[in-house]
Structure formats: C-alpha cells, structure tokens
Amino acid sequence: MNKLVVLRGYQFSVYNRIARVALHEKGVSYKTEEIDPFADDIPDHYMQRQPFGRVPVLSHGTFDVYETAAIARYVDAAFEGPRLVPLEVESLTRLVQIVSIVDSYGYRPMVREVFAHRVFRPALGEESDEAKIENGLAASRPVLQALDTLASEAHVLDRKTFTLADCHLAPMIAYFIQAPEGETALRDYAALSDWWEWSSQRASLAETDPGLPVNHLA
Ligand SMILES: N[C@@H](CCC(=O)N[C@@H](CS)C(=O)NCC(=O)O)C(=O)O
C-alpha cells in the first residue's frame, strides 16, 4: 500500500507553493493540512514536526521533513516521475546556488517586503509600509541581477528543462511581479524575464496558484 503524503502548510506561503510545485511536477497525490505560521496558536503536533514554527512540513508515511529545499529534494528522489535535479555537475551546482540565493537574499525583500506590503496586506485591509516596499525593491535588484546572470548562463533556468531551481524561483517571482514595481523591475533583466515567460506557463504553477486572501471585514 502506498504511504500517505501530507503537506502541512499555509495556503498563501510561497514556500508551501514551492513544495506543491515539486509534488505536481512529479505527479504525486497528496493531502494538505492548513497551518498558519503567523497564528498565535500553532498546534503542538506541528511544532514537534517543525521546531521553528515555519511552513511547510512534508510527511510521507511516518517520515517527516521540513526545510523546503530538503522537501523538494526528497520529493524528487522518493517518487517516480521526471527528474527535477540534473545529473551534470555544473547544472546541479547552479541549482543549489540558485536555491540558496533565493532563500538567503530573495525571499525577504521580494516576498515579505514588496509583495506583502504592496499586494497581500492591502488585500486583507491591513496597513502597508511604503518604506518596506522601497527598501525591498532596492534589496531585490542585486538578487534579480545575480539570477539574470545565472539564467543567461543557462546551466539551469534554461527554458527547456524544469528543475528544482525553477520550482524554487517561480513562486517567488509570481508573487513579486504582482506588485507593479516588481513587474517593472523584472523587465530590466532580459534573461530572467525570458525565463519567467517560459516557466509561468507551467501547469504546476497554475494548479498551485493560491490567489489572494479575501478581506471578510470589508
Ligand atoms: N527555511 C524555511 C523557510 C520557510 C518560511 O519562512 N516560511 C514562511 C511562510 S512563506 C513562514 O513560515 N513564516 C512564518 C514566520 O516567519 O514566522 C524553509 O525553507 O522551509
């Protein structure tokens, strides 16, 4: 009997979406359990699985894994379906490098500052901070530049083969460009824009699009 696959996470989390994109690319059936990491009362059973209180966590039978890069590697290795990790050493190295750049330098300015303050918080009727958007945009520029350089080199992000580099980056860019400033900024990076035009057509992205939250108080 197949072991149950459960993804515990928050529907609007960009990291949750990365894990979902990998699962969809591999054609894995899975259940979801909603955990809001920003809530005051994260359930104990979740904190036991993710001691830092972040989302997501993937469970496959009794095996639990947190940290999205590790989840994605697990999904690629544990299930049938197209390989999402290249064998060739330079491509594999670039993949790991891109994931690390996105996590270390991209997520906070692009998602938590630009997207959250220009798009997500207004959708919820919450106040946004223009300074955060401005700082986020400035901090996003070197990240976009670095990714553009790597996209033009095309060991991965090559617009031919969808890898875990695409899984990790595409949900971040999908959020970032919902801010008009983000969309404008991306246009300055030709190779990255070309990559986005290709990868944004992916079925796995449409299937995992969380949309925006609805403000029930409006
Ligand atoms: N290093 C973690 C980061 C995950 C992460 O930061 N997720 C966000 C949601 S997109 C979160 O849980 N935020 C809660 C918080 O910052 O308290 C991973 O790769 O899974």
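Residues numbered from 1 in each chain as written. Predicted model: local features only at pLDDT ≥ 70, side-chain atom pairs only at ≥ 80, totals over all residues. Heavy atoms only, no water.

1. Focus on the packing of aromatic side chains
This is how the line gets drawn: In this scheme Phe, Tyr and Trp rings, the latter by its six-membered ring, pair at centre separations within 6.5 Å, and the angle between planes marks the pair as stacked below 30 degrees, edge-to-face above 60, and tilted otherwise. The buried label goes to any residue with under 20% of its type's maximum accessible area, the exposed label to any with over 50%, and the partly exposed label to all in between, with areas taken from a 1.4 Å probe on protein chains only.
All told, the structure shown has 11 aromatic pairs when counted by the stated rule. Ring centres of Tyr10 and Phe12 lie 5.7 Å apart, and the angle between their planes is 75°; on these two criteria the pair is classed as edge-to-face. Comparing Tyr10 with Phe12, the two get one shared label, buried. Considering the side-chain rings of Trp195 and Trp196, the 6.0 Å spacing of their centres and the 50° angle between planes classify their relative orientation as tilted. Through successive ring pairs, a cluster of aromatic residues spans Tyr10, Phe12, Phe38, Phe115, Phe120 and Tyr175.

2. Description of helix H6 (residues 164-176)
Here is the rule: Runs of E in the DSSP output that reach at least two residues are strands. Runs of H or I that reach at least four are helices, and both are numbered from the N terminus. By this rule, a helix spans an expected 1.5 Å times one less than how many residues it contains. As used in this structure description, the phrase polar contact means that two N or O atoms lie within 3.5 Å; if the pair is within protein, one of them must be able to donate a hydrogen and the other to accept it, and residues adjacent in sequence are counted only when both atoms belong to side chains.
The end-to-end C-alpha separation of H6 is 19 Å, in line with the 18 Å expected for 13 residues at 1.5 Å each. Taking burial as the measure, the 13 residues of H6 include 13 buried ones, the bulk of the element. The N-cap residue of H6 is Thr163: its side-chain oxygen and the backbone nitrogen of Ala165 are 3.0 Å apart.

3. Re the domain arrangement of the chain
Worth spelling out the cut-off: Start and end positions for the domains come from either an automated domain assignment or a database one. Between two residues, a contact is recorded if the distance between any of their heavy atoms is within 4.5 Å. Buried area is understood as the total, over both parts, of accessible area removed when two parts are fitted together, assessed with a 1.4 Å probe. Here, a salt bridge means any side-chain nitrogen of Lys or Arg that lies within 4 Å of a carboxyl oxygen of Asp or Glu. Here the term charged refers only to Asp, Glu, Lys and Arg, the term nonpolar to Ala, Val, Leu, Ile, Met, Phe, Trp, Tyr, Cys and Pro, and the term polar to all other amino acids, Gly among them.
The domain boundaries assigned to the chain delineate domain 1 (5-78) and domain 2 (89-207). Once you take the C-alpha centre of each, domain 1 and domain 2 turn out to be 21 Å apart. In this assembly, 17 residues from domain 1 lie in contact with 20 residues from domain 2. Interface area, domain 1 with domain 2, both sides summed: about 1700 Å², of which 65% is carbon and sulfur. Per-residue buried area on domain 1 facing domain 2 is highest for Val14, Tyr15 and Arg17; these three make up 31% of the total on that side. On inspection of domain 1 and its partner domain 2, the count reaches one salt bridge. Linking Arg202 and Glu25 is a salt bridge whose minimum nitrogen-to-oxygen distance equals 3.0 Å. Taken together, the links from domain 1 to domain 2 amount to six residue pairs in polar contact (both at pLDDT 80 or more). Every element with two or more residues in the side of domain 1 that touches domain 2 is listed here: helix H1 (14-26) and helix H3 (68-78). At nine residues, H1 tops the list of elements feeding residues into the side of domain 1 that touches domain 2. Class assignment of the residues belonging to the side of domain 1 that touches domain 2 gives a composition of 10 nonpolar, two polar and five charged.

4. Structural notes on the packing of helix H4 (residues 89-123) against H6
Think of two packed helices as two axes; the pair is described by the angle between the axes and how far apart they sit. As a reminder, the rule being used: Orientation is described by axes fitted as lines to C-alpha atoms, over the contacting stretch for helices, and by angles from 0 to 180 degrees between their N-to-C directions. Throughout this description, any angle smaller than 35 degrees is read as roughly parallel, any larger than 145 degrees as roughly antiparallel, any in the 65 to 115 degree range as roughly perpendicular, and the remainder as oblique. If you view the pair so one helix is near and one far, a crossing is left-handed when the near helix is turned anticlockwise from the far one by less than a right angle, and right-handed when it is turned clockwise.
It is the contact of H4 with H6, at a shortest axis distance of 10 Å, that shows an interaxial angle of 15°. One finds that H4 runs roughly parallel with respect to H6. At the point where H4 passes H6, the crossing takes the left-handed sense. Residues Leu95, Ile98, Val99, Val102, Asp103, Tyr107, Met110, Val111, Val114 and Phe115 of H4 lie in contact with H6, whose contacting residues are Leu164, Ala165, His168, Leu169, Met172, Ile173, Tyr175 and Phe176. Taken together, the residues of the contact of H4 with H6 break down into 16 nonpolar, one polar and one charged.

5. Here we look at the site of the ligand
Note the following rule: We call a residue near a molecule or strand when any one of its heavy atoms sits within 4 Å of it. All accessible areas in this document rest on Shrake-Rupley with a 1.4 Å probe, and a residue is counted as covered only by the protein chains that are shown.
Every residue lining the ligand is accounted for by Ser13, Val14, Tyr15, Pro37, Phe38, Arg54, Val55, Glu67, Thr68, Tyr107 and Arg112. Arg54 places a polar side-chain atom, nitrogen or oxygen, 2.7 Å from an oxygen atom of the ligand. A distance of 3.3 Å separates an oxygen atom of the ligand from a polar side-chain atom of Arg112. Compared with its free state, where it exposes 510 Å², the ligand has 85% of that area covered by protein. When grouped by side-chain class, the residues that make up the shell around the ligand number six nonpolar, two polar and three charged.

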